[in-house]
Amino acid sequence: MPILGPNQYGKAENRVVKITRDGATHHIKDLNVSVSLSGDMDEVHYSGSNANVLPTDTTKNTVYAFAKEHGIASAEQFGIHLARHFVTSQEPIRTARIRIEEYAWERIATAGEDEHSFVRQGQETRLTQITYDGSSWEVVSGLKDLTVMNSTNSEFWGYVKDKYTTLPEAYDRILATEVAGRWRFNWSDDEQTMPDWETSYEQVKKHMLEAFAETYSLSLQQTLYQMGSRIIDHRSEIDEVRFSLPNKHHFLVDLEPFGLKNATEDGAVYFAADRPYGLIEATILRDGCEPRIPVDLTNL
């Protein structure tokens, strides 16, 4: 007889926008929240009995009610409130996993005193995943779609060559990528001091971008390692960082047919290729820690 394996259910992509009013100054939190629950759910699969099933519509309603009742101090804090609620209020639920995407808005400066106009920021999407089993927490945060470029201070040479190699060595090239990153916090117990989630995100992004900008790169792998290392070195609340970095290739255009020299030292013209692209991925760990972030970030 077939045996039921791991399973979960919930409500995905609940869009919630919370406006907090501080007099004439308003603040926005714009989230996309997905709830996934698991536990004593064998019978609903075997016989169709819903006796242990909290409707997914109820999980959706809880997201909106908690946004009003608790507010949204940060994506992480909001996810923690939700995960704790589902595990502690429903006996059949053993584990709750909350995934959140956060979309940033920037205030539009006006001549008046009212501060209630915003423009959507397009730099990146902030991410977090909170998992709670009733006794311990795992918080993995991150970002995606953060596009960065160095227009110089990047080389690529000395690599293996065989009969299929056509790529010329580069001693002054563009290095560009679209960062997808996750980092795992070492906060796992209610007895520990909880990180300042907002400050942590701001500082992680700062160190990540500084490392990208300041590293004279001989490979995207080297730059990736420096980005993760700087986070580990400067943020004690984080034990593990994983990056997935597509190499956004920029190739020098051959302008010789037009009698033009296309040299980097003169300010070159490039062709930006969107595919195929090199994909560089790695995990950077605090010494003594084990990797727990999935190798495939699409599974997180």
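Everything numeric here is computed off the predicted structure, so don't read it as measured data.

(A) Spotlight on the overall build of the protein. When its secondary structure is counted, the protein shows five helices and 12 strands. Projected onto its principal axes, the C-alpha positions of the protein cover 75 × 65 × 35 Å. Scored against the burial criterion, the 300 residues of the protein give a buried share of 41%. For the protein, restricting intrachain contacts to residue pairs at least 6 apart in sequence, the fraction spanning at least 24 positions comes to 66%. Summed over its atoms, the accessible surface of the protein is roughly 16,700 Å², and 49% of this surface lies on carbon and sulfur atoms.

(B) Summary view of the side chain of Ser217. Residue placement: Ser217 occurs in the loop between helix H4 (197-214) and helix H5 (220-234). For Ser217, the side chain forms a polar contact with the main-chain oxygen of Ser219, separated by 2.7 Å. Look past the residues within four positions of Ser217 in its chain and what remains in contact with it is Asn153, Ser154, Glu155, Leu175, Gln222 and Thr223.

(C) Examining the packing of aromatic side chains more closely. Tallied over the full model, the rule gives seven aromatic pairs. For the pair Trp187 and Trp197, a centre-to-centre distance of 5.9 Å together with 80° between the ring planes defines the contact as edge-to-face. In this pair, Trp187 sits in the loop between strand E8 (175-185) and H4 while Trp197 sits in helix H4, placing the two residues 10 residues apart along the sequence. Trp197 carries the same exposure label as Trp187, and that label is buried. Taken together, the ring pairs in this structure connect Tyr132, Trp137, Phe185, Trp187 and Trp197 into an aromatic cluster. The positively charged end of Arg126 is found above the aromatic ring belonging to Tyr201, 4.4 Å away from the centroid.

(D) Here's a closer look at the sheet that holds strand E9 (residues 238-247). The strand order E1-E2-E3-E6-E7-E8-E9-E12 describes an open sheet built from eight strands, whose pairing is antiparallel. Strand pairing shows two members of the sheet lacking a second neighbour, strand E1 (9-22) and strand E12 (278-285), which therefore form its edges. Between one strand axis and the next, the sheet turns by 15° as a mean value, whatever way the strands run. Where strand E6 (residues 125-132) and strand E7 (residues 137-150) come together, eight bridges link them in antiparallel fashion. Residue pairing for E7: Thr131 is matched across the bridge by Glu138. Strand contacts of helix H2 (residues 56-69): E1 and strand E2 (25-39), with the helix running at about 15° to E1, the strand carrying the most contacts. Contacting E2, strand E3 (93-103), E6 and E7, helix H3 (residues 75-89) runs over the sheet at an angle of about 160° to E3.

(E) Main features of the pairing of E8. For E8, the buried fraction is high: 10 of the 11 residues fall into the buried class. Sheet analysis places E7 next to E8, joined by nine bridges and oriented antiparallel. Directly across from Val140, in E8, lies its bridge partner Arg184.

(F) The arrangement of unusual backbone geometry in detail. Note the cis peptide between Arg275 and Pro276, where omega equals -5°. Topologically, Pro276 is positioned in the loop between strand E11 (270-272) and E12. You will see that Glu13, though not glycine, has its phi angle at about 55°, which is positive. Checked against the element boundaries, Glu13 lands in strand E1. The exposure class of Glu13 is exposed, given its relative accessible area of 57%.

(G) Inspection of the environment of Asn262 at higher detail. Its location among the elements puts Asn262 in the loop between strand E10 (250-252) and E11. For the pair Asn262 and Gly10, spaced 252 residues apart in sequence, the C-alpha to C-alpha distance is 56 Å. Within the structure, the side chain of Asn262 is placed 2.9 Å from the backbone oxygen of Val253, a separation counted as a polar contact. A distance of 2.8 Å separates a polar atom in the side chain of Asn262 from the backbone oxygen of Val269.

(H) View of the pattern of salt bridges. Under the criterion given, the structure shown has 20 salt bridges. Between Glu102 and Lys29 there is a salt bridge, with the nearest N and O atoms lying 3.0 Å from each other. Taken together, the residues span a long stretch of sequence, with Glu102 in strand E3 and Lys29 in strand E2 at a distance of 73 residues. For Asp274, the salt bridge identified is with Arg275, shortest N-O distance 4.0 Å. Here the two residues Asp274 and Arg275 agree in accessibility, since each one is exposed.

Parameters at a glance
Along each chain, the written sequence defines residue order, and numbers are assigned to residues from 1. Local features in this predicted model are restricted to residues whose pLDDT is 70 or higher, and side-chain atom pairs enter the listing and the counts only when it is 80 or higher, whereas totals over whole chains, interfaces and linings include all residues. Neither water nor hydrogens contribute to the side-chain values; these are computed over all heavy atoms in the structure. Strands are runs of DSSP state E lasting at least 2 residues, helices are runs of H or I lasting at least 4, and numbering of each runs from the N terminus. Burial classes: relative accessible area under 20% of the type maximum marks a residue as buried, over 50% as exposed, and values in between as partly exposed (1.4 Å probe, protein chains only). Residues count as neighbours in contact if any of their non-hydrogen atoms are within 4.5 Å of one another. Only the protein chains shown count as cover for residues, and the accessible areas themselves come from Shrake-Rupley with a 1.4 Å probe. For this analysis, a polar contact is any N or O atom pair within 3.5 Å, provided that within protein one partner can donate a hydrogen and the other can accept it, and provided that sequence-adjacent residues contribute only side-chain to side-chain pairs. Only rings of Phe, Tyr and Trp enter the pairing, Trp through its six-membered ring, and a pair is recorded when the two centres are within 6.5 Å. The plane angle decides the type: under 30 degrees is stacked, over 60 is edge-to-face, the rest tilted. The criterion is that NZ of a Lys, or CZ of an Arg, lies within 6 Å of the ring centre and within 35 degrees of the ring normal, and then a charge sits over that ring. When DSSP finds two or more bridges between a pair of strands, those strands are recorded as paired. Here an angle of 0 to 180 degrees is reported between the N-to-C directions of two axes, which are lines fitted to C-alpha atoms, with helices fitted over the stretch in contact. By definition, a salt bridge exists where a carboxyl oxygen of Asp or Glu is found within 4 Å of a side-chain nitrogen of Lys or Arg.

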